[in-house]
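For reference, the chains in residue letters:
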Amino acid sequence: MFPFAGKGIESPVPLDAALTYTVPVGAVAQTVYFRGGNTCAELVYVVLTRDGTPMRYFPIGAKSDVHVPLRVVEDLDGGTVVELLVGAPEGVTGSIVVDLGLVEV
């Protein structure tokens, strides 16, 4: 569970440093699923980035949750950095529960 403060719906910010993952050199990883919940009364979204470029967007409704299986996925080569960011209206605060399934293949 991670607290957040919105900086603008079009300005996603890192959710927490713990939500950054670097694929080990020599390995390949794939995303398997994303689950998230939102405690605030506004629509927010989580964006999964690959090396700083948006890869997938996950909108999470007000006081709601989302579960997205990611069956058709891209390979994430060794050295790739994936990170979760949150986008929310400016001044909105709350917490997000996130679970991103990754597997090394």
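Bear in mind that the values here come from a model prediction, so they are computed numbers and not experimental data.

Colleague: Residues and numbers for the overall build of the chain, please.
Modeller: For the chain, the count of helices and strands is zero helices and ten strands. For the chain, the α and β elements follow one another from N to C terminus as β-β-β-β-β-β-β-β-β-β. Overall, the chain is about 40 × 20 × 20 Å in size when its C-alpha atoms are taken along their principal axes. Expressed as a percentage of its 105 residues, the buried residues of the chain come to 38%.

Colleague: Give a detailed account of the environment of valine 98, specifying residues and quantitative values.
Modeller: As for its placement among the helices and strands, valine 98 is situated in strand S10 (residues 93–104). Classification of valine 98 as buried rests on a relative accessible area of 16%. With 79 residues separating them in the primary sequence, valine 98 and leucine 19 have C-alpha atoms 9.2 Å apart. Setting aside chain neighbours within four positions, we find valine 98 in contact with Phe2, Leu15, Leu19, Phe34, Arg35, Gly36, Val46 and Leu84.

Colleague: Account for the pairing of strand S1 (residues 2–5), with residues named and values stated.
Modeller: With burial as the criterion, only one face of S1 is covered, namely that bearing Phe2 and Phe4; the residues Pro3 and Ala5 on the opposite face remain uncovered. As paired strands, S1 and S10 are joined by four bridges and run antiparallel to one another. Paired with alanine 5 across the bridge in S10 is threonine 93.

Colleague: Residues and numbers for the pattern of salt bridges, please.
Modeller: Evaluated as defined, the whole model comprises three salt bridges. The closest approach of N and O atoms between arginine 35 and aspartate 99, which form a salt bridge, is 2.4 Å. Of the two residues, arginine 35 is situated in strand S4 (residues 28–38) and aspartate 99 in strand S10; the sequence distance between them amounts to 64 residues. Of the charged contacts in the structure, one is a salt bridge between arginine 56 and glutamate 74, with a shortest N-O distance of 3.2 Å. With arginine 56 in strand S6 (residues 53–60) and glutamate 74 in the loop between strand S7 (65–69) and strand S8 (76–77), this residue pair connects regions lying 18 residues apart in the sequence. Here the salt bridges do not stand alone but share partners, grouping Arg50, Arg56 and Glu74 into one network.

Colleague: An account of the packing of aromatic side chains is requested, with residue identities and associated values reported.
Modeller: Tallying each qualifying case throughout the model produces two aromatic pairs. Between phenylalanine 34 and phenylalanine 58 the ring centres are 4.1 Å apart and the planes differ by 10°, which places this aromatic pair in the stacked class. Placement of the pair is phenylalanine 34 in strand S4 and phenylalanine 58 in strand S6, with a sequence separation of 24 residues. Exposure remark for phenylalanine 34: the relative accessible area of 0% places this residue in the buried category. Exposure remark for phenylalanine 58: the relative accessible area of 3% places this residue in the buried category.

Calculation rules
Every chain is numbered on its own, with residues counted from 1 as its sequence reads. It should be noted that, the model being predicted, local features are given only for residues of pLDDT at least 70 and side-chain atom pairs only at 80 or more, the latter also being counted only at that level, while totals for whole chains, interfaces and linings use all residues. Derived side-chain values reflect all non-hydrogen atoms in the structure, with water molecules and hydrogen atoms excluded from consideration. The secondary structure listing takes helices from DSSP runs of H or I that are at least 4 residues long and strands from runs of E that are at least 2 residues long, numbered from the N terminus. Exposure categories follow from relative accessible area, calculated using a 1.4 Å probe and restricted to protein chains: below 20% of the type maximum is buried, above 50% is exposed, and the middle band is partly exposed. Note on contacts: a residue pair qualifies if any of its non-hydrogen atoms lie within 4.5 Å across the two residues. Any two strands with at least two DSSP bridges between them are considered paired. Salt bridges are defined by distance alone: a side-chain nitrogen of Lys or Arg within 4 Å of a carboxyl oxygen of Asp or Glu. Note on ring pairs: Phe, Tyr and Trp rings are taken, using the six-membered ring of Trp, and paired if centres are within 6.5 Å. Classes follow the plane angle, with under 30 degrees stacked, over 60 edge-to-face and the rest tilted.

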